[in-house]
There are 2 protein chains.
Amino acid sequence: MLEITSTKNSYIKELKKLEKKKHRDASQCYLIEGEHLVGEAIKHGANLETILVTEAGRGLLANFSELARTTKSYLVTEEVFKVISSVPAPQGIMAVVHQTNDELNQKTMGPYLLLDNVQDPGNVGTMIRTADAAGFGTVILGEGCADIYSAKVLRSMQGSQFHVTLIQSNLMEAMTKLKEKNIAIYGTELNPEAISYRDLVIEGDYGLVMGNEGQGVSKEILNQTRQNIYIPIDGQAESLNVAIAAGILMFSLRSL
Amino acid sequence: MLEITSTKNSYIKELKKLEKKKHRDASQCYLIEGEHLVGEAIKHGANLETILVTEAGRGLLANFSELARTTKSYLVTEEVFKVISSVPAPQGIMAVVHQTNDELNQKTMGPYLLLDNVQDPGNVGTMIRTADAAGFGTVILGEGCADIYSAKVLRSMQGSQFHVTLIQSNLMEAMTKLKEKNIAIYGTELNPEAISYRDLVIEGDYGLVMGNEGQGVSKEILNQTRQNIYIPIDGQAESLNVAIAAGILMFSLRSL
């Protein structure tokens, strides 16, 4: 295994830059960290550039499949590892993963979760994880959403990028394509101008649009949906957190 | 209105200490900030110690009821305000609120959300906000939960402490009292040893127990419930975030 002992190593400097979206976009790569995430990447055949382990993390490689052993790997010092790690207590295993740039096509599976300008990374990551758990096939992220390859999104997504198809696209264009596939799109509103999700009748495949934390789904999109729905508030809270609302709706729609 | 212009003022020093749980416990007070939260506190008759405004925030007082005008108020400089503010862009209005120490009694209203060792402040705050939205009457926080008066919990709770009854109690003791009131307690499990929440039949008032982010609800508590339930995972995600799970369950139970 190749060894890196200097924090000034040029490859380490390159990886450190992946903290920034600009460099992730340019290299089309991102970092994942920890036994669970690296394991999920390998299990689901993600396109790995390299694997980096410390002496402590080296043993974890043995738990993984052939892919881990055929991927270019580096043994790095604890000090080098900490330079590129984004967690307080690193497990000593990390992988550089090629971004996937999926597009909507005939093979893309529903149900679809569409995110319109969801800005909080924790919300974006949690909604993708929840979509995965609810059995949704695809999440489409419109412009203005938190970057799916940022450390915070990756952390709350918990590896669901390897389970569901993630598409970054203009939402109006995506909706046009979904409609051509005869997929019903349901928008969500923050107030009862729409019908209660409990009264929704679903036939066939569908998409659900969740919106910005403050403004909700844009009017432009709400005007293009089959139906808009809302969650009735029984108490005195003014609204629900958008990730909570998405969870309630996705699990409810899946049981219809 | 009394004025404070020095960051070394003894009252300001006292308020600064409220960042720490130890001092909140000793004084039985906590700070809330911003027009929305202070407005909710006033609207729901919270026991206010003082109100602090900057010149910019002073005008907001006029929007509030008589209570705001009869509460001891201070006009402070921007500099003084920043010393005790916990947000990046302060609105210039803050209130010192007396903690409420509610106990389970005949007047406590259900449904009940019970939190067993939920440690993340964002999760605790979001679950209380969601309980409020779902029409739950009471949230009981067991030992080991994040402090409800910490800045992070207060931020994600969004004023729901003024809408639902919050009780801090040993959970086993609380469950005994709830059972004496003939309230059915449902525990949640992370795996299908329990029945699906979709198969649950509810009669009368009830309580729902949510557990620690990693370990779930403790065995001791699960052994004392009427029934334990779980959320079936359709996709490949290993689990749901606990606040998302709570949202799905509370809204589902309320519609039964």
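Preceding this section is the structure that the text describes.
Below or above, wherever it landed, is the structure these notes cover.

Conventions and cut-offs
Residue numbers restart at each chain and count upward from 1, following the sequence in its written direction. For this description, chains carry letters from A and ligands carry numbers from 1, given in the order in which they are written. Where totals are concerned, whole chains, interfaces and linings use all residues; where local detail is concerned, this predicted model gives features only for residues with pLDDT of at least 70, and gives and counts side-chain atom pairs only at 80 or more. With hydrogens and water excluded, all non-hydrogen atoms of the structure serve as input to the side-chain values. Secondary structure counts use DSSP, requiring at least four H or I residues in a row for a helix and at least two E residues in a row for a strand, with both numbered from the N terminus. Think of it in three bands: with a 1.4 Å probe and only protein chains considered, a residue is buried below 20% of the maximum accessible area for its type, exposed above 50%, and partly exposed in between. His residues and chain termini do not enter the charge count, which takes Lys and Arg as positive and Asp and Glu as negative. We define a salt bridge as a contact between a side-chain nitrogen of Lys or Arg and a carboxyl oxygen of Asp or Glu at a distance within 4 Å. Polar contact is the term for a pair of N or O atoms within 3.5 Å; when the atoms are in protein, one must be able to donate a hydrogen and the other to accept it, and sequence-neighboring residues count only if both atoms are side-chain atoms. In this description, contact between two residues means that some pair of their heavy atoms is separated by no more than 4.5 Å. When two parts are put together, the accessible area they lose, computed with a 1.4 Å probe and summed over both, is reported as buried area. Note that Gly is not counted as nonpolar here; it falls among the polar residues with everything else outside the nonpolar set of Ala, Val, Leu, Ile, Met, Phe, Trp, Tyr, Cys and Pro and the charged set of Asp, Glu, Lys and Arg. Here, nonpolar core refers to any group of buried Ala, Val, Leu, Ile, Met, Phe, Trp, Tyr and Cys residues whose side-chain atoms link them within 4.5 Å. Two strands qualify as a pair provided DSSP detects at least 2 bridges between them. Simply put, an axis is a line fit to the C-alpha atoms, just over the touching stretch for a helix, and the angle between two N-to-C directions goes from 0 to 180 degrees. Two aromatic rings, drawn from Phe, Tyr or Trp (for Trp, its six-membered ring), form a pair once their centres lie within 6.5 Å of each other, and the interplanar angle then sorts them: stacked below 30 degrees, edge-to-face above 60, tilted otherwise.

### What about the side chain of Arg129 of chain A?
Right, so step 1: Mapped onto the secondary structure, Arg129 of chain A falls in helix 7 (residues 121-133).
Right, so step 2: No salt bridge is formed by the buried Arg129 of chain A; the nearest opposite charge belongs to Asp132 of chain A, separated by 7.7 Å.
Right, so step 3: A distance of 2.9 Å separates a polar atom in the side chain of Arg129 of chain A from a polar atom in the side chain of Ser239 of chain B.
Right, so step 4: Beyond its immediate stretch of four places on either side in the chain, Arg129 of chain A contacts Ser156, Met157, Gln158 and Ser160 of chain A together with Ala237, Ser239, Leu240 and Asn241 of chain B.

### Quick look at the interface of chain A and chain B
Right, so step 1: Counting from both sides, the interface comprises 32 residues of chain A and, opposite them, 32 residues of chain B.
Right, so step 2: Of the roughly 2400 Å² buried between chain A and chain B on both sides combined, carbon and sulfur atoms contribute 58%.
Right, so step 3: At the junction of chain A with chain B, the criterion picks out two salt bridges.
Right, so step 4: Among the salt bridges present, the one from Asp234 of chain B reaches Arg254 of chain A, with a minimum N-O distance of 4.0 Å.
Right, so step 5: For the pair chain A and chain B, the interface holds 16 residue pairs in polar contact (both at pLDDT 80 or more).
Right, so step 6: Among the elements of the structure, helix 3 (35-43), helix 7 and helix 11 (242-254) of chain A are those that each provide at least two residues to the side of chain A that touches chain B.
Right, so step 7: When residues of the side of chain A that touches chain B are assigned to their parent elements, the largest contribution, six residues, is made by helix 11 of chain A.
Right, so step 8: Taken together, the residues of the side of chain A that touches chain B sort by class into 12 nonpolar, 13 polar and seven charged.

### Comments concerning the environment of Gln168 of chain A
Residue and element names in this part refer to chain A.
Right, so step 1: Relative to the elements of secondary structure, Gln168 occurs in strand 8 (residues 165-168).
Right, so step 2: With 32 residues separating them in the primary sequence, Gln168 and Phe136 have C-alpha atoms 16 Å apart.
Right, so step 3: Ignoring sequence-local partners within four residues, the contact set of Gln168 consists of Leu141, Ile148 and Tyr149.

### So, the nonpolar core
Right, so step 1: Of all hydrophobic cores here, the largest spans 122 residues; its most connected members are Leu113, Leu115 and Met210 of chain A together with Leu113, Leu115 and Met210 of chain B.
Right, so step 2: Beyond its immediate chain neighbours, meaning those up to four positions away, Leu115 of chain A contacts Val124, Met127, Val139, Ile140, Leu141, Gly142, Cys145, Leu171 and Met210 of chain A.

### A short note on the sheet that holds strand 11 (residues 206-210) of chain B
All names here are of chain B.
Right, so step 1: Ordered by their spatial adjacency, seven strands build an open sheet running 8-7-6-11-9-12-10, and the pairing between neighbours is parallel. With partners counted over all chains shown, the strands left at the sheet margins are strand 8 (165-168) and strand 10 (195-196), one partner each.
Right, so step 2: In this sheet, strand 12 (residues 227-230) lies alongside strand 10 in parallel orientation, the contact comprising two bridges. Paired with Ile195 across the two strands is Ile229, which belongs to strand 12.
Right, so step 3: Contacting strand 6 (112-115), strand 9 (184-188), strand 11 and strand 12, helix 11 (residues 242-254) crosses the sheet at an angle of about 165° to strand 11.

### Structural notes on the packing of aromatic side chains
Two aromatic rings, taken as a pair, are described by how far apart their centres are and by the angle between their planes.
All names here are of chain A.
Right, so step 1: The final tally for this structure, using the stated rule, is eight aromatic pairs over all chains.
Right, so step 2: Pairing Phe136 with Tyr206 gives two aromatic rings, centres 6.0 Å apart and planes at 80°, and the pair type is edge-to-face. Of the two residues, Phe136 sits in the loop between helix 7 and strand 7 (138-141) while Tyr206 sits in strand 11 (residues 206-210), which places them 70 residues apart along the sequence.
Right, so step 3: When the centroid spacing of 6.4 Å and the interplanar angle of 55° are considered together, the rings of Tyr186 and Tyr206 count as tilted. Of this pair, Tyr186 sits in strand 9 (residues 184-188) while Tyr206 sits in strand 11, and the two are 20 residues apart along the sequence. With respect to class, Tyr186 is no different from Tyr206; both count as buried.
Right, so step 4: Joined through ring pairs, the aromatic side chains of Phe136, Tyr186 and Tyr206 make up one cluster.

Limitation: the analysis is restricted to geometry and does not speak to function.
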